[in-house]
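Residues per chain, in single letters:
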Amino acid sequence: MTNTNDISSPQVSALQLFQSLAPTAAEALAQQLHGAGVCNSNDLVDALATGLSAYARARGIFLSSEFQLAWPGALHVLKGRHTEDDWERLLPQEATAPKASSNQIVQGSAQMLRVLDAAESVGMQPRTAIWYGIWIVTAAVIGHSGPLDADISLEELAECV
């Protein structure tokens, strides 16, 4: 007689995963890039968005439309997850810090690309990895602009990606 197991494997929605991991990933990337000399928060966001764009382009996915779909929901969920003070402490970068060099931005974008490649290597579909990247960028923008003004920064960023 065969013994069957009726318990299905655990399932976690992308929303649950992203709301927990995106701020942590944004903070870790910000720390790494700060150590590499990216001290300006605008440059941090630029580097992360550039890496996200490169990842999407390499997979033939149009980032602009995905970004427009994903960031409003990401912002809605993420901005309430932490206090304004917590978001302010998320990034070591400051908006008034000296600008990063082009080489530092390229190095930063490569870090974001590695994060998304790693997500794909453990089974995340490319489009889902892109949405994860958008959530990471959104968390970084909230850390940069604050939860109340992040929508303006994300709207501006959406026009550029």
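Here the structure is shown first, and the text comes after it.
Residues numbered from 1 in each chain as written. Predicted model: local features only at pLDDT ≥ 70, side-chain atom pairs only at ≥ 80, totals over all residues. Heavy atoms only, no water.

Asks: Explain helix α2 (residues 41-58) to me, please; I cannot follow it from the model alone.
Replies: Residues three or four positions apart in an α-helix share a direction because the helix packs 3.6 residues into each turn. Compared with the 26 Å implied by 1.5 Å per residue over 18 residues, the 26 Å span of α2 between its first and last C-alpha is a close match. Looking at α2, one finds that the buried residues are S41, D43, L44, V45, A47, L48, A49, G51, L52, Y55 and A56. At the exit of α2 stands G60, carrying a positive phi of roughly 70°. (Helix = DSSP H or I, 4+ residues; strand = E, 2+ residues; numbered from the N terminus. Expected span 1.5 Å × (residues − 1). Buried < 20%, exposed > 50% of the residue type's maximum accessible area, 1.4 Å probe, protein only.)

Asks: What should I look at first to understand a negative patch on the surface in this one?
Replies: A cluster of like negative charges, contributed by E84, D85, E88 and D149, occupies part of the molecular surface. Structurally, the position occupied by D149 is in the loop between α6 (126-145) and α7 (150-160). (Patch = residues over 30% accessible without salt bridge, like charges linked within 9 Å, V, L, I, M, F, W, Y side chains within 5 Å. Areas by Shrake-Rupley, 256 points an atom, 1.4 Å probe, with all protein chains shown as cover. Salt bridge = Lys/Arg side-chain N within 4 Å of Asp/Glu carboxyl O. Lys, Arg positive; Asp, Glu negative; His and termini not counted. Charge placed at Lys NZ, Arg CZ, Asp CG, Glu CD.)

Asks: Looking at this structure, how should I read the environment of V77?
Replies: As for its placement among the helices and strands, V77 is situated in helix α3 (residues 63-79). For V77 and A30, which are 47 residues apart along the polypeptide, the C-alpha to C-alpha distance reads 21 Å.

Asks: Before we go on, may I ask you to explain the pattern of salt bridges in this structure?
Replies: For side chains bearing opposite charge, pairing can occur when the charged atoms are close. The tally for this structure, following the rule as stated, stands at five salt bridges. Measuring nitrogen to oxygen at the nearest pair gives 2.8 Å for the salt bridge that ties E66 to R127. On the criterion of sequence distance, the pair formed by E66 in helix α3 and R127 in helix α6 is long-range, its members being 61 residues apart. Taking relative accessible area as the criterion, E66 reaches 9% and is therefore assigned buried. Between R89 and D86 there is a salt bridge, with its nearest N and O atoms 2.6 Å apart.

Asks: Teacher, can you tell me more about α6 here?
Replies: A rise of 1.5 Å per residue sets the reference length of α6, with its 20 residues, at 28 Å; its end C-alpha atoms lie 28 Å apart and thus fit the reference within 8%. Within α6, 15 of the 20 residues are buried, leaving the element largely enclosed by the surrounding structure. Looking one or two residues beyond α6, the residue adopting positive phi is G146, at roughly 90°.

Note that all results are geometric; they support no functional claim without further evidence.
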